[in-house]
Amino acid sequence: MNKLKIALVTINQPSLTSACNLVPYLYDYDVDVFGKKDLTHNLENLNLYDKIDDIMAPAWEGYDAIICILAIGAVVRKIAPFLKDKSTDPAVIVINLKLDKIVPLLSGHLGGANELSDIIASRIPSCQNFVSTATDQTNTLAFEMFAKKNNLEIHNLKELALISNSLLNKKEVEVLTYDSIFETIPNKENLKLVKEATSNLCVNITPFDSPLLTFKPKVFLGIGCNRNTTLEEIKNAIFSFLDKHKLKIEQIENIASFEAKADEIGLLDFAKEFKFDIKFFNENEINQLQGEFSPSQATKFFGLKGVSEPSSILVSKYKELIIPKEVFENKITIAGAI
C-alpha cells in the first residue's frame, strides 16, 4: 500500500519550527514541508514558496492530506476556492504551534482527516484532537466510514446528510441489504433490516443500482465449464451474465472454480486478461459447505455439491450467494456471491 502523502504547510519561523518538531511523529507517512526562504530549520528538504496561494492548488491535487500550522481563518480562506466534493477533497487539518491542539477541518470521514488527527494526537504527548463531526461525538454510525472500511463503492452521496441526520435524531433508518452484511454493521441502533425499501430513509447495501444512498460491495463469481471451453466462450458467457444483472466487470473482485479446472486454458486466460487472482477449491472445501445448491452435473461426475455456486461462496468476503447458478450454451455455469 502506498504511503499517505501529506503536505505540511507553514508560513513563518514559529510555524516552521513547529513543523520540524512535528515531522518525527509522521515517520510512516510521505511528508513534504512547505515554507518561506531564509528561515531556520533542520529538515533535509524544505519546499520553498513566495505566496501561499502558489502552493495551495498543487497541494490540493497532489496530496492526500494537508496539515496547516496556520490560523484556522486563514486556512478557510485559502482552501475555499478549491472545495469540490466530500468524496474527492483531501483531508485538511490545522494544528497549533505548541502541537497540543489539532483540528480535522475538512473531509473528516471519507478524506480521513479525523482518523489522521486521532493518530497524530495519540503520538504527541498531551495533544488534544478537536473533532467536530456529530456522528463521532455521539458515537452514531457513520455509513460513509463503514463503506470506506469495507471497500464499498459509494453512490448517491448527496443522500448521506439525510440519513446521518435521521440517525442523529434517533429516527429509524431502513437498510436494504443481505443478512451477512447487516451483521457486520457495528452500531445497529435505529437501523432496520428490510428486503424492500418503504421510504427514502433507506440505505441500499447491494451491488445493484438504486436511487437511494447506495454502497456497493464487490461481487465474486464462481465458474464451471466443460473441458476445452474457449476464452471467447467464457468471455461471452460472463459478460452476458453481467449485462443481465446490470453489473460491471469492475465490480468483480475475483473468480473461482473447482480444482479440476485449474488447467482450463480458456478460464486461465480470462483471469489473466482481467487480472483476477483466480482461486480453485478442492472436493472437501466444496462439500463441507452448509446449505443446498442448484442441481449440478458436478455431482454426477465429481461427487460435488456443485461448482459455480460453492466456489463463488468460498472465494467471497461475506460468504453469501446472491445470484444462483445460470447456464450458458449448455457448457458454462456462473453464480455470484458477496
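**Some remarks on the packing of helix α9 (residues 231-244) against helix α10 (residues 265-273)**
Link 1 in the chain: At a closest axis distance of 8 Å, the pairing of α9 and α10 adopts a crossing angle of 60°. Judged by the angle between their axes, α9 and α10 are oblique. Crossing geometry of α9 relative to α10 is assigned as right-handed. Only Gly266, Leu267, Asp269, Phe270 and Glu273 of α10 make contact with α9, whose side of the interface consists of Leu231, Ile234, Lys235, Ile238 and Phe239.
Link 2 in the chain: Classifying every residue of the contact of α9 with α10 by side-chain character gives 6 nonpolar, 1 polar and 3 charged.

**A closer look at the pairing of strand β2 (residues 30-35)**
Link 1 in the chain: Pairing of strand β1 (residues 5-9) with β2, which is carried by 5 bridges, proceeds in the parallel orientation. Residue pairing for β2: Ile6 is matched across the bridge by Val31.
Link 2 in the chain: Sheet topology places β2 next to strand β3 (residues 47-48); 2 bridges connect them, and they run parallel. Bridging from a neighbouring strand, Phe34 pairs with Asn47 of β3.

**Topic: the side chain of Thr10**
Link 1 in the chain: When you line up the elements, Thr10 lands in the loop between β1 and α1 (13-22).
Link 2 in the chain: Engagement of the side chain of Thr10 in a polar contact is seen with the backbone oxygen of Phe34, the distance being 2.8 Å.
Link 3 in the chain: Those residues within four positions of Thr10 in sequence are excluded, and the remaining contacts are Ser15, Leu16, Ala19, Val33, Phe34, Gly35, Tyr49 and Leu70.

**What to know about the sheet that holds strand β10 (residues 191-194)**
Link 1 in the chain: Reading across the sheet, the 5 strands line up as β8-β12-β11-β9-β10 and stay open at both edges, with mixed pairing between neighbours. Sheet topology places β8 (153-155) and β10 at the edges, where each strand pairs with a single neighbour. This sheet shows a mean twist of 25° between the axes of neighbouring strands, independent of strand direction.
Link 2 in the chain: In terms of strand pairing, strand β11 (residues 202-204) meets strand β12 (residues 213-216) through 2 bridges, oriented parallel. If you follow Asn204 over to β12, its bridge partner there is Thr214.

**Quick look at the environment of Leu22**
Link 1 in the chain: When you line up the elements, Leu22 lands in helix α1.
Link 2 in the chain: Accessibility expressed as a relative area gives 0% for Leu22, which makes it buried.
Link 3 in the chain: For the pair Leu22 and Lys98, spaced 76 residues apart in the sequence, the C-alpha separation amounts to 9.8 Å.
Link 4 in the chain: Sequence-distant contacts of Leu22, defined by excluding residues within four places in its chain, comprise Leu8, Ile67, Ile95, Leu99, Ile120 and Ile124.

**Observations concerning the packing of aromatic side chains**
Link 1 in the chain: Inspection of every chain in the model, using the stated rule, returns 7 aromatic pairs.
Link 2 in the chain: Look at Phe34 and Tyr63: their rings are 6.0 Å apart centre to centre, the planes differ by 80°, and that puts the pair in the edge-to-face class. With Phe34 in strand β2 and Tyr63 in the loop between α2 (52-62) and β4 (65-68), this pair connects stretches of sequence that are 29 residues apart. The pair Phe34 / Tyr63 is uniform in exposure class, with both members buried.
Link 3 in the chain: Each ring, one from Phe143 and one from Phe215, has its centre 6.0 Å from the other, and the planes form 15°; the classification is stacked. You can see Phe143 sitting in helix α6 (residues 143-149) and its partner Phe215 sitting in strand β12, a full 72 residues away along the chain.
Link 4 in the chain: Note that Lys5 overlies the ring of Tyr63, its terminal NZ or CZ placed 5.0 Å from the centroid.

**Re the environment of Glu44**
Link 1 in the chain: With respect to the helices, strands and loops of the structure, Glu44 is situated in the loop between β2 and β3.
Link 2 in the chain: A C-alpha to C-alpha distance of 30 Å links Glu44 and Gly108, two positions 64 residues apart in sequence.

About the cut-offs
- Residues numbered from 1 in each chain as written.
- Predicted model: local features only at pLDDT ≥ 70, side-chain atom pairs only at ≥ 80, totals over all residues.
- Heavy atoms only, no water.
- Axes fitted to C-alpha atoms, helices over the stretch in contact; angles between N-to-C directions.
- Helix = DSSP H or I, 4+ residues; strand = E, 2+ residues; numbered from the N terminus.
- Parallel < 35°, antiparallel > 145°, perpendicular 65-115°, else oblique.
- Left-handed = near helix turned anticlockwise from the far one by under 90°.
- Contact = heavy atoms within 4.5 Å.
- Nonpolar A, V, L, I, M, F, W, Y, C, P; charged D, E, K, R; others polar.
- Pairing = 2+ DSSP bridges.
- Polar contact = N/O pair within 3.5 Å; in protein donor to acceptor, adjacent residues only side chain to side chain.
- Buried < 20%, exposed > 50% of the residue type's maximum accessible area, 1.4 Å probe, protein only.
- Phe/Tyr/Trp six-rings, centres within 6.5 Å; stacked < 30°, edge-to-face > 60°.
- Lys NZ or Arg CZ within 6 Å of the ring centre and 35° of its normal.

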